[in-house]
Amino acid sequence: MAQATLSKMQINSSANWALAGVSFAHLLNDAVQTVVPSAFPLFQQTMQLSFAQMGWIAFTLNITASVLQPLVGYMSDRRPMPILLPGGMLFSLVGVLGLALSSELWMLLVSAALIGIGSSILHPESSRVAHMAAGRGRGMAQSIFQVGGNTGQAIAPLLVAFILLPHGQRSFLWLMGFALIGIVIQSYVSRWYIDKLAETRIRQQQPLKFSGAESVARPMSRGFIAFTMGILILLLFSKFVYIAGMTGYYAFYYADAYHLPLSQAQICLFVLQFAGMVGTLLGGPLADRYGRKPMIWFSIAGTAPFSLLLPYAGPVLSMVLCGMIGLILMSGFSVIIVYAQELLPRHIGTVSGLFFGLSFGMAGLGSVVLGSLIDVTSVAFVIKLCSFLPLLGVCAVFLRRDRPRTA
């Protein structure tokens, strides 16, 4: 009995370390990825880019990940590939080197595409590792994985404000260290992943045993699944197009409206992303306890009062509102992914790749559209327009209410 308990503790410990590893790798990856739109003021100064051209950089970064992630997820569902864990960070390493050495727009586009490829490889397989390490607390595990990404997004504006803007474009070389550390961490996680896959194969070869307490889940129709997925995708649209407008262009609005330096505007974005990190960490456990649907509904629609007020607030109140927006809005993404994974439990990689891919694709397309709209109108008009997007969160009322589960 004692030996069995010790063995279980060792298994849980190794799973926790694997979860921590993919979460930290997610931090490093998303820090590198978010630096690209956060560094738009730097690119504008050094290359005199228009808002539309900066939008195309974000589009290239995000659409690359959008197209490839569902494909990577589908392939990993058919044949898991642990080698992809460190492999994704290798593409990001080359992309960061390209950003440091770019002198023309096309070079920035190629570098952004390489970073997008790295993200598209990392997210589906890392999300699968989080799912495998979760046990019953799937919302908590997905939140831990996702909070790593949110932390990376939070520190990106600080990297821009204190490293890139003061020291210029060549300081991107310092970020290569992020990718190198990610490669080392993901290499260790891939070993746990290989062992876990071997255990799963052995378990699948054993005869299944059912107890009387177990119940068989009622199958859902394809129409219901398609409708529900459509609602979830609409909620992703409202969230990530709004985030694209904030991360890409709110710094320009903040600096222009309050006559403050761009470095201080980056601090405002840090507040948004840091609060989002906290919201992500809280969202999963709350959804495990109270249900996925209430958390999803609150995370999008609950943002609307603060987003609508933000364009009309002063510089200090703007930081407070950015904190509230990040805290509420970011709390729902991991919950949406778990909701979709439970909707299609045999397609974990495909669902993860699809939703991460759609989030990047919508953000990229939104950056292009919003940047082009700024060129023909103004930054203020676009920021005010984006403030209405969280109102789409009311569509979450059409989701089926799930049963809360204690993690």
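Worth saying up front: this structure is predicted, and the values here are computed from it rather than measured.

## A look at the overall build of the chain
Then comes step 1: Assigned secondary structure in the chain consists of 15 helices and zero strands.
Then comes step 2: Split into buried and exposed, the 407 residues of the chain put 56% on the buried side.
Then comes step 3: Of all intrachain contacts in the chain linking residues separated by at least 6 positions in sequence, the fraction that spans at least 24 positions is 85%.
Then comes step 4: Looking at the chain as shown, the accessible area adds up to about 17800 Å², and 69% of this sits on carbon and sulfur atoms.

## With respect to the packing of helix α8 (residues 222-258) against helix α13 (residues 333-343)
Then comes step 1: Where α8 contacts α13, the two axes come as close as 11 Å, and the packing angle between them is 165°. As summarised for this structure, α8 and α13 are arranged roughly antiparallel, according to the angle between their axes. Crossing hand, α8 versus α13: left-handed. Across from F224, I225, T228, M229, L232, L235, L236, K239 and F240 in α8, the residues of α13 making contact are F333, I336, Y339, A340 and L343.
Then comes step 2: When the residues that make up the contact of α8 with α13 are grouped by side-chain class, the tally is twelve nonpolar, one polar and one charged.

## Remarks on empty space enclosed by the protein
Then comes step 1: Taken as a whole and assessed by the stated rule, the structure comprises two cavities of 30 Å³ or more.
Then comes step 2: When contributions to the lining of the second largest cavity are tallied by element, the ones reaching two or more residues are α8 and α15 (379-386).
Then comes step 3: Here the lining of the second largest cavity is built from residues that sort into six nonpolar, two polar and no charged.

## Overview of the packing of helix α10 (residues 292-301) against α13
Then comes step 1: Interaxial distance between α10 and α13 falls to 9 Å at its minimum, and their mutual angle equals 140°. Classed by the angle they form, the pair α10 and α13 counts as oblique. α10 and α13 meet at a crossing whose hand is left-handed. Where α10 approaches α13, its residues R292, M295 and I296 are matched on the opposing element by V335, I336, V338, Y339 and E342.

## A closer look at the packing of aromatic side chains
Then comes step 1: Inspection of every chain in the model, using the stated rule, returns nine aromatic pairs.
Then comes step 2: Both rings, one in W56 and one in F59, keep their centres 5.1 Å apart while their planes meet at 85°; by these two values the pair is edge-to-face. Note that W56 and F59 are positioned in helix α3 (residues 51-78) at a spacing of three residues, about one turn of the helix.
Then comes step 3: Classification of W56 as partly exposed rests on a relative accessible area of 44%.
Then comes step 4: On the accessibility criterion, F59 (18% relative accessible area) is buried.
Then comes step 5: Ring centres of F270 and F274 lie 5.7 Å apart, and the angle between their planes is 35°; this geometry places the pair in the tilted category. Taken together, the positions of F270 and F274, both in helix α9 (residues 262-290) and four residues apart, correspond to about one turn of that helix.
Then comes step 6: Here F274 falls in the partly exposed class, since its relative accessible area comes to 40%.

## Focus on the confidence of the model for the chain
Then comes step 1: Scored by pLDDT, the chain comes out at a mean of 82, with 89% of its residues at no less than 70.
Then comes step 2: Within the chain, the lowest mean pLDDT, 74, falls on helix α1 (residues 2-38), and the highest, 93, falls on helix α11 (residues 304-309).
Then comes step 3: In the model, residues 1-11 has pLDDT below 50 throughout and makes zero contacts with residues more than four positions away in sequence or in other chains.
Then comes step 4: Contacts for the low-pLDDT stretch residues 210-216, under 50 throughout, to residues beyond four places or in other chains number one contact.

## Details of unusual backbone geometry
Then comes step 1: Even without being glycine, Q48 reaches a positive phi, approximately 55°.
Then comes step 2: Looking at the secondary structure, you find Q48 in the loop between α2 (40-47) and α3.
Then comes step 3: The backbone of H259 shows a phi angle near 55°, a positive value even though the residue is not glycine.
Then comes step 4: A residue is classified by how much of its surface remains accessible, and H259, at 70% relative accessible area, is exposed.

## Some words on helix α12 (residues 315-329)
Then comes step 1: Along its 15 residues, α12 runs 21 Å from first to last C-alpha, staying within 8% of the 21 Å computed at 1.5 Å per residue.
Then comes step 2: Among the residues of α12, those classed as buried are S318, L321, C322, G323, I325, G326, I328 and L329.
Then comes step 3: Where α12 is buried, its residues meet α8, α9, α10 and α11.

## Some remarks on the nonpolar core
Then comes step 1: Grouped together as the largest cluster of nonpolar side chains are 103 residues, with contacts concentrated most on F43, F172, L232, Y250, I296 and F355.
Then comes step 2: A per-element tally of this core places α8 first, with 18 residues.
Then comes step 3: Apart from the residues within four sequence positions on either side, F172 is in contact with V35, A39, L42, F43, V96, L99, A100 and L164.

## As for the pattern of salt bridges
Then comes step 1: Summed over the entire model, instances satisfying the criterion amount to two salt bridges.
Then comes step 2: Between E342 and R292 there is a salt bridge; the shortest N-O distance is 2.9 Å. Remark: R292 occurs in helix α10 and E342 occurs in helix α13; sequence separation between them is 50 residues.
Then comes step 3: Residue E342 is classed as partly exposed on the basis of its relative accessible area of 23%.

## Observations regarding the environment of Q142
Then comes step 1: Relative to the helices and strands, Q142 is located in helix α6 (residues 138-167).
Then comes step 2: Take Q142: its relative accessible area is 1%, and that puts it in the buried class.
Then comes step 3: Along the primary structure Q142 and V129 are separated by 13 residues, whereas in three dimensions their C-alpha atoms are 9.8 Å apart.

Rules of the game
- Residues numbered from 1 in each chain as written.
- Predicted model: local features only at pLDDT ≥ 70, side-chain atom pairs only at ≥ 80, totals over all residues.
- Heavy atoms only, no water.
- Helix = DSSP H or I, 4+ residues; strand = E, 2+ residues; numbered from the N terminus.
- Buried < 20%, exposed > 50% of the residue type's maximum accessible area, 1.4 Å probe, protein only.
- Contact = heavy atoms within 4.5 Å.
- Areas by Shrake-Rupley, 256 points an atom, 1.4 Å probe, with all protein chains shown as cover.
- Axes fitted to C-alpha atoms, helices over the stretch in contact; angles between N-to-C directions.
- Parallel < 35°, antiparallel > 145°, perpendicular 65-115°, else oblique.
- Left-handed = near helix turned anticlockwise from the far one by under 90°.
- Nonpolar A, V, L, I, M, F, W, Y, C, P; charged D, E, K, R; others polar.
- 1 Å grid on protein atoms, 1.4 Å probe; cavity = no way out; pocket = protein on both sides within 12 Å on 5 of 7 lines; lining within 4 Å.
- Points joined across faces, edges and corners; volume = space filled by probe spheres on them.
- Phe/Tyr/Trp six-rings, centres within 6.5 Å; stacked < 30°, edge-to-face > 60°.
- pLDDT = per-residue confidence, 0-100.
- Expected span 1.5 Å × (residues − 1).
- Core = buried A, V, L, I, M, F, W, Y, C linked by side-chain atoms within 4.5 Å.
- Salt bridge = Lys/Arg side-chain N within 4 Å of Asp/Glu carboxyl O.

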